[in-house]
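Here are the chains, one letter per residue:
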Number of protein chains: 4
Amino acid sequence: MQIQLNPVGNMNLLSPLEVQQLQQSATCQLYQLYRNCSLAVLNSGSHTDDAEVIYQQYKEFNIQVLRRERGVKIALENPPMHAFVDGKIIRGIQEHLSAVLRDILFINNRYTDNDSSASITHQTFDILRNAEIIIPDSEPNLVTCWGGHSIQEHEYKYTKEVGYQLGLRSFNICTGCGPGAMKGPMKGATIGHAKQRINNGRYIGLTEPSIIAAEPPNAIVNELVIMPDIEKRLEAFVRISHGIIIFPGGAGTAEELLYLLGIMLHPKNKAQKLPIILTGPAQSAEYFQQIDAFIGETLGKEAQELYQIIIDDAQLVAQTMSKGLEDVLNYRKEMGDAYHFNWSLAIEPDFQHPFEPNHENMANTEISYELDTATLAANLRRIFSGIVAGNVKSEGIKAIREHGVFKITGDTKIMALIDTLLNSFVTQQRMKLPGSEYIPCYKVIREQ
Amino acid sequence: MQIQLNPVGNMNLLSPLEVQQLQQSATCQLYQLYRNCSLAVLNSGSHTDDAEVIYQQYKEFNIQVLRRERGVKIALENPPMHAFVDGKIIRGIQEHLSAVLRDILFINNRYTDNDSSASITHQTFDILRNAEIIIPDSEPNLVTCWGGHSIQEHEYKYTKEVGYQLGLRSFNICTGCGPGAMKGPMKGATIGHAKQRINNGRYIGLTEPSIIAAEPPNAIVNELVIMPDIEKRLEAFVRISHGIIIFPGGAGTAEELLYLLGIMLHPKNKAQKLPIILTGPAQSAEYFQQIDAFIGETLGKEAQELYQIIIDDAQLVAQTMSKGLEDVLNYRKEMGDAYHFNWSLAIEPDFQHPFEPNHENMANTEISYELDTATLAANLRRIFSGIVAGNVKSEGIKAIREHGVFKITGDTKIMALIDTLLNSFVTQQRMKLPGSEYIPCYKVIREQ
Amino acid sequence: MQIQLNPVGNMNLLSPLEVQQLQQSATCQLYQLYRNCSLAVLNSGSHTDDAEVIYQQYKEFNIQVLRRERGVKIALENPPMHAFVDGKIIRGIQEHLSAVLRDILFINNRYTDNDSSASITHQTFDILRNAEIIIPDSEPNLVTCWGGHSIQEHEYKYTKEVGYQLGLRSFNICTGCGPGAMKGPMKGATIGHAKQRINNGRYIGLTEPSIIAAEPPNAIVNELVIMPDIEKRLEAFVRISHGIIIFPGGAGTAEELLYLLGIMLHPKNKAQKLPIILTGPAQSAEYFQQIDAFIGETLGKEAQELYQIIIDDAQLVAQTMSKGLEDVLNYRKEMGDAYHFNWSLAIEPDFQHPFEPNHENMANTEISYELDTATLAANLRRIFSGIVAGNVKSEGIKAIREHGVFKITGDTKIMALIDTLLNSFVTQQRMKLPGSEYIPCYKVIREQ
Amino acid sequence: MQIQLNPVGNMNLLSPLEVQQLQQSATCQLYQLYRNCSLAVLNSGSHTDDAEVIYQQYKEFNIQVLRRERGVKIALENPPMHAFVDGKIIRGIQEHLSAVLRDILFINNRYTDNDSSASITHQTFDILRNAEIIIPDSEPNLVTCWGGHSIQEHEYKYTKEVGYQLGLRSFNICTGCGPGAMKGPMKGATIGHAKQRINNGRYIGLTEPSIIAAEPPNAIVNELVIMPDIEKRLEAFVRISHGIIIFPGGAGTAEELLYLLGIMLHPKNKAQKLPIILTGPAQSAEYFQQIDAFIGETLGKEAQELYQIIIDDAQLVAQTMSKGLEDVLNYRKEMGDAYHFNWSLAIEPDFQHPFEPNHENMANTEISYELDTATLAANLRRIFSGIVAGNVKSEGIKAIREHGVFKITGDTKIMALIDTLLNSFVTQQRMKLPGSEYIPCYKVIREQ
């Protein structure tokens, strides 16, 4: 069974030369990536975070980029049928498929190998601009919500409640685009937006190729961007947001928080305004105490002062965000900076260059109190990034399968802190969706 | 505590003369009605269907229509605070409040006492037109969903699933605007619409003054009309719909079905196209057998042929509706009729004139096989209408309190059928929202 | 040859009862009026101001209102063919035809005979609201331009230049909707709007049944309203405008200026803000001296202070209007008045009640220094109104044909002033479009 | 006096890297070009076609690209003041200035030196796409109008009449964006569009750097693109148009006609549908006879059959275009080609590679009956292109000043034909705007 469809958006307007390049990309090294990401969005709404399971289930799935006189067609063989209604693809999925084509095959050819900091930031910006994420004259009101894809029911309900309160206050939502804490705030916001008669609410999902299968865009995401790697994805989050909310989560959420604090600790960013709120339901109070303590003992008091912890008060979260937004806009105005892309935020190359989560890199990442705080934050970020890869990313899972668990070493005290934190993530089932027992992909070496 | 706000929509553009009339209306007989309906919409989202409870809870609530140089202001004293966000009224509720002003105070003065059939239909049309419900050049795709306000969780889930499948197929939804089967299809449709990137989905709620408190507009309703009475409300439903779906429900749903069949049985309506689907989850199969049998034994086979029963197949319901829509539009085209208001449907005065559900009228309503089928349908409709009033409408509850239960008499066989049907409604908790024991407001006299 | 077409706008959504009323109106006393106004808009762009000539040319023209299941159709027999492109009516003319249907046949039935001042103002407002002229949330920027339909080429060019400068400053234009000074400002504004990329410029034409044939809506008018009489038309002009510009003109322009000054002289209007500018090209300097002198000697210095004369400086006119607009909006804000309809402007019944320009009324209109200034202004206004009727209105022309010229009597000094002014209008060919010799329809009795 | 302004459109969303590139471009070789084009659009509405005169008049004019945190600013020193209203730049001119920035400085860096045919076509497409000229889902209805910038009053009136008739039929207009036959059809179309209530009419001006000063965008152009050279400009015209109308003109118009015929004569384009109409007022009949004879005697009967000559019938021109449009769309549908960019039209490199109009190239261009027809057309096109350059383009004028007139040689018979044609252009004042005597920049060597 083959279905042909037209891409939408700017993928609907290509020259033969561009189509030819797309086809070339599609037939060589990028094909597998393209196919898998496409499958992930076609499979939106599925209930597993195990990429391998999905790939096995749709082994017969095939996708091709066809050249036509007037542009390009996408041909699907044996796609998941729940992406179609009476034989016609669901519009939202057609848009997501077009986003995959755009971000994986099209935009990919544009950049030459220039890894200067300015060039990486330009690339991040250019991908977002090409995806029409940045809309100059629109109201600046984008809140990024981070948190686990695997969270408990009462936590999920709370993320919806926060989303609802944000939606009532006209905020748009950006998340990592998967389930759990990435879906709840969007879902809540749709109700808030509906009550306020806002019918152009934005639910932006930023993902990357290695995570999209495990955390496919939920049905509410109406703008999807696949950034080339986790580092550009994180840079995108912080530059386009007017505030960031962090819900309970596992290793990925810890990675995000460490990335964010590492950047905000930079002396050049001292005057920056960016409201950061850690929040969860009453039952999560202890969880945040733990996180807060971990930050305090690794990055220190200065880092702790960058965020605010609010327990079980969705309305207060949204009100705090509203107030914070004013400061953000005043600061941007003062600096002459753009409202929709924070150009003046300094991000060091340390945080920009892709970290490949293999055994060697994991072993070599230095964790020590002798590092300056920003470098320590950067390195801690990498450790958690590696664990996410070992948990749910295809490459990481393979590496673990072949070479055993990652060994994490470094300062004894910090090792103890990390171990405790990770153990609590495991106990609380934050590492993987429930249903199977979690087998750690790492070992923290507490004593050397 | 007093809050003043501007009405929106066409209530935002009034002359001093009109404002004066509004004020006059507001200060005399209509005030109580206006106040109560306003309170009902301010109280949207509350969890009781007992109007008296709501009215008791907000005894201090007060509403006034103020005259200003440039038009009118609404002044609220002690309103329910959940209608506000950071001191500002929620836009959707502001719109609903404006609809109450428009439909109760403003439109009310327009009609002289002419109760010819053409005049009643004109009035129904005029109220809908004034509320901008009829949009000539829009896609014709409105499905009315009827069903109980008090339904079980699995039934509610099923109504959402049907709404979702309708939304995926671009249908808009019209209901009686309360909770339960009136909310589920709208909620489901919002997800279907979101996936299809339809951001102007319509969720029309048609209500009437005596029911609005018990079944206030749910949060999804984005177009609200308060028709003057249940008869014009029913006429509005059938004339603006392109198809009707009936979910499990109690006396109100039975009233609606009987009204619909009574009209469709009219010889002049023989050629009319209007898909009617009775549907519910697997567990509701027996419920519909019962209803179907009741119709068969009272109105006969011809009536049974007017509808289709589909059990536990939301997708089939939506697909059947899609197909039926084609027939509807072809028929309208052929007849030169409007796509958005079914002028050619014949509705007899019997179905148009308000039935006042008091003890005398209930007692005098003839139920007999000697009546022609349409008249029997009309009278059965009245019986169920009276029971709804006795259950949840303010006037009805008072009448029962004073004079005891309604006595329902007539043909012995039919009395038995009615009694059985009503008993099953009671058993299945369809008469009232759960939480209290249901005490019947009627007595069926089975043997005379 | 018969052509059937659908009306547009709110005439596209009528009930059978309304269609029946339309048909009744159309078949009796209103038919001739309806037919003639329809012919006038179909004949837009023609080059005569002699209604009789037009009516003669299209004696075979016929119009009918047909009832259809879904509403109404307009049937045209032998219409002017330049209203059609390849057999299809030009959209703008279809809109104008619908406006005639709406204003002559539909709105007409609405009002009962209540001629209180408040009721007349309400009616004026209601007609404008029904025509969607008043748009609450739009930018307030409407300038009314008055002036002759028969003006010289250099004057016409100047009106275009003023319109251009107004358009560059985002002003919308309202005029009496005919040729000459009613067309020039609109034409100029379209260029100004185009340069500023304003693509929703409003070119509002306000007319009345007795003048529409002589001064049919020019092609640029995109919103047409036919007010019931000259008095409501004048009230509409002053209440919806944020400023008024008066170009050279004849008796009609004098009528408009006298009406305006008469109202603004009212003690209650002392604080009102309304920029009034008399302007023309260099060659018109003398013309305005004459007008100014006439006002000075009849209504006095106070009246002269209400307006500003600007000669040959289109840019200054527009800049003055921009500045004046600020004062207007500040005043309205302060008063709590609407931005789009000046409710707080006092207009006495004297200026509201229709003046029938027959021989008796013309003879009985008292012109004397003993009258208070406002009454004198009102009566002078009537005199000029009568002369316009005698010149170009069907009724007036007939009256003159039957009973001879109007005799104008009164205070000797004023009579001399009037005579001189009218003579200059005649000499300057302001009374009628060039092409025929002007034969006065009046005689000023200078000595009694 | 310095004025700073923000660019609009996609020039409003640039990264620092891009701004830096813009600045680099602006400070070196491209600066002069950028400055001159900017001056040309600021000077829109001026009355000379002598670029040198304009440049002399505004010697003090200076433009700079400034880098700001949030993007780019344009700084103007001593700009022509008629581009401003009360100190604020006219929006249309701001858009044109942004187009110059976009097309001269920004897009310029994108293309590597690949002059394959496919690459040139891609570049043409890419520039148009980047300028948002190609709108996939819009109605296909674009007519290109060619003709002289210096035409007589009755010819100009006729171009307006044709534009009016096209506008009445919903056609959009594309021209070379200057005065004369490039302005008339746009002006006429605005009236047609206004009457049909089309408020998003498109008036596309395609120009190139060397002609923009002599023929600056007229005030009606609401979409401006500066193509890199005349060849890509011509390719853009023929690929985006659904029909082409040719009015009387001089050497430039002859160049356009020869280009068009040369392409359409290509065997691969035999089945192509593209209505080509040569038209003018009654007085132009002879002019077109002359052109037609010239085509007949150089390119033959087959070429003559590609166009239709319509004299003095604007309505027929528009009706013929309407009919032709149907064929065009049917053909595109059949071919699977795009509606808004004619990909399937074959254009040989001969017609794509820029022809530099210097003395050597002019002398070496072979004109002979021994060439195949398409090559002869290509070479004749170059001859006329060179003459346009010598007449009004800055480079060309300088070349003539230094080295004397171009010498045109070749087949004796064709030389005679060319000489006669050019002489008639001179006599009819089609070479330059009236006001100065025309001194030919060429000499046709009739006998060798």
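Residues numbered from 1 in each chain as written. Chains lettered and ligands numbered in written order. Predicted model: local features only at pLDDT ≥ 70, side-chain atom pairs only at ≥ 80, totals over all residues.

(A) Quick peek at the overall build of chain A. Within chain A, the secondary structure is distributed over 17 helices and 14 strands. For a compact globule of 448 residues, the expected C-alpha radius of gyration is about 22 Å, and chain A comes in at 21 Å, within 12% of that figure. Each principal axis of the C-alpha distribution contributes one length, and for chain A these read about 60 × 50 × 45 Å. Once local pairs closer than 6 in sequence are excluded, the contacts in chain A between residues at least 24 apart make up 78%. (Helix = DSSP H or I, 4+ residues; strand = E, 2+ residues; numbered from the N terminus. Rg over C-alpha atoms; globule rule 2.2 N^0.38 Å. Contact = placed C-beta atoms within 7 Å.)

(B) Inspection of the relation of the copies chain D and chain A at higher detail. Screw-axis analysis of chain D against chain A gives a translation of 0.1 Å along the axis, an RMSD of 0.1 Å, and a rotation angle of 180°. Here the transformation between the copies is reduced to the relation of a two-fold axis. Across chain D, the rotation axis passes nearest the C-alpha of Arg-110 of chain D, at a separation of 5.3 Å. In this assembly, 100% of the residues forming the interface of chain D have copies in chain A that are likewise at the interface, indicating an isologous arrangement. (Least-squares fit on C-alpha atoms with pLDDT ≥ 70 in both.)

(C) Spatial organisation of the interface of chain B and chain A. Chain B puts 20 residues into the contact, and the matching count from chain A is 20 residues. For the side of chain B that touches chain A, the elements supplying multiple residues, two or more each, are helix H4 (91–106) and helix H7 (184–195) of chain B. By residue number, the principal contributor to the side of chain B that touches chain A is H7 of chain B, which donates four residues. Within the side of chain B that touches chain A, the residues separate by chemical class into seven nonpolar, seven polar and six charged. (Nonpolar A, V, L, I, M, F, W, Y, C, P; charged D, E, K, R; others polar.)

(D) Main features of the interface of chain D and chain A. The interface is formed by 23 residues belonging to chain D together with 23 residues belonging to chain A. Among the secondary structure elements, those contributing two or more residues to the side of chain D that touches chain A are helix H1 (16–27) and helix H5 (117–130) of chain D. Considering each element in turn, the side of chain D that touches chain A owes the most residues, six residues, to H5 of chain D. In terms of residue class, the side of chain D that touches chain A is built from 10 nonpolar, seven polar and six charged.

(E) Representation of the pairing of strand E6 (residues 142–146) of chain C within the structure. Residue and element names in this part refer to chain C. Counted residue by residue, E6 has five buried out of five residues, so it is predominantly covered. Where burial is concerned, the two faces of E6 agree: the one with Leu-142, Thr-144 and Trp-146 and the one with Val-143 and Cys-145 are both buried. As paired elements, E6 and strand E7 (residues 172–175) share three bridges and run parallel to each other. Of the residues in E7, the one forming a bridge with Leu-142 is Asn-172. Regarding topology, helix H6 (residues 153–168) serves as the crossover connection from E6 to the parallel E7, and that connection is right-handed. Of the pairings in the sheet, the one linking E6 to strand E10 (residues 243–246) comprises four bridges and is parallel in character. For Trp-146, the partnering residue across the bridge sits in E10 and is Ile-246. (Buried ≥ 20, exposed ≤ 12 C-beta atoms within 10 Å, placed from the backbone. Pairing = 2+ DSSP bridges. Right-handed = clockwise from strand over helix to strand, strands pointing away.)

(F) Representation of the environment of Leu-433 of chain B in the model. Tracing the sequence through the fold places Leu-433 of chain B in the loop between helix H17 (412–427) and strand E14 (442–444). In this structure the C-alpha to C-alpha distance between Leu-433 of chain B and Asn-109 of chain B, which are 324 residues apart in sequence, comes to 35 Å.

(G) Expanded view of the arrangement of the chains. Taking C-alpha atoms as the reference, chain A and chain C come no closer than 17 Å and do not contact one another. As for chain D relative to chain B, no contact occurs, and the smallest C-alpha gap between them is 17 Å.

(H) Up close: the domain arrangement of chain A. All names here are of chain A. The domains assigned to chain A are domain 1 (2–110), domain 2 (119–335) and domain 3 (350–444). Of all the secondary-structure elements, those providing two or more residues to the side of domain 1 that touches domain 2 are helix H2 (31–42), helix H3 (51–57) and helix H4 (91–106). Broken down by element, the residue count for the side of domain 1 that touches domain 2 peaks at seven residues, all from H4. A class-by-class count of the residues in the side of domain 1 that touches domain 2 yields 10 nonpolar, seven polar and three charged. (Domains from an automatic or database assignment.)

(I) Layout of helix H10 (residues 285–298) of chain C. Residue and element names in this part refer to chain C. Across its 14 residues, H10 extends 20 Å between first and last C-alpha, which sits within 8% of the 20 Å expected from 1.5 Å per residue. Three or more residues of H10 are buried, namely Tyr-287, Ile-291, Phe-294, Ile-295 and Thr-298. For H10, the angular spread of buried residues about the axis comes to 95°, placing them on one side. Set apart from the buried face of H10 by more than 90 degrees, the exposed residues are Glu-286 and Gln-289. Those residues of H10 hidden inside the fold are in contact with helix H9 (251–264), strand E11 (276–280), helix H11 (301–304), helix H15 (373–392) and helix H17 (412–427). Just downstream of H10, Gly-300 is the residue with a positive phi angle, here 90°. (Expected span 1.5 Å × (residues − 1). Arc of directions from axis to C-beta.)

(J) Inspection of the relation of the copies chain B and chain A at higher detail. After a rotation of 180° and a shift along the axis of 0.0 Å, chain B superposes on chain A with an RMSD of 0.0 Å. In this assembly the copies share their binding face: 100% of the residues contributing to the interface of chain B also contribute to that of chain A.

(K) Focus on unusual backbone geometry. Residue and element names in this part refer to chain A. One non-glycine residue, Asn-78, lies in the positive phi region at around 50°. Mapping Asn-78 onto the fold places it in the loop between strand E3 (71–77) and strand E4 (84–85). We classify Asn-78 as partly exposed; it has 14 C-beta atoms within 10 Å. One non-glycine residue, Glu-132, adopts positive backbone phi at about 60°. If you trace the backbone, Glu-132 turns up in the loop between helix H5 (117–130) and strand E6 (142–146).

(L) Quick peek at the nonpolar core. Counting 262 residues, the largest nonpolar core has Val-225 of chain C together with Val-225 of chain D as its most contacted members. Residues contacting Val-225 of chain C, with those up to four places away along its chain left out, are Ala-99, Asp-103, Ile-127, Leu-128, Ala-131, Ile-133 and Leu-206 of chain C. In this structure, Val-65, Leu-97, Ala-236 and Ala-303 of chain A belong to the second largest nonpolar core, which totals 261 residues. (Core = buried A, V, L, I, M, F, W, Y, C linked by C-beta atoms within 7 Å.)

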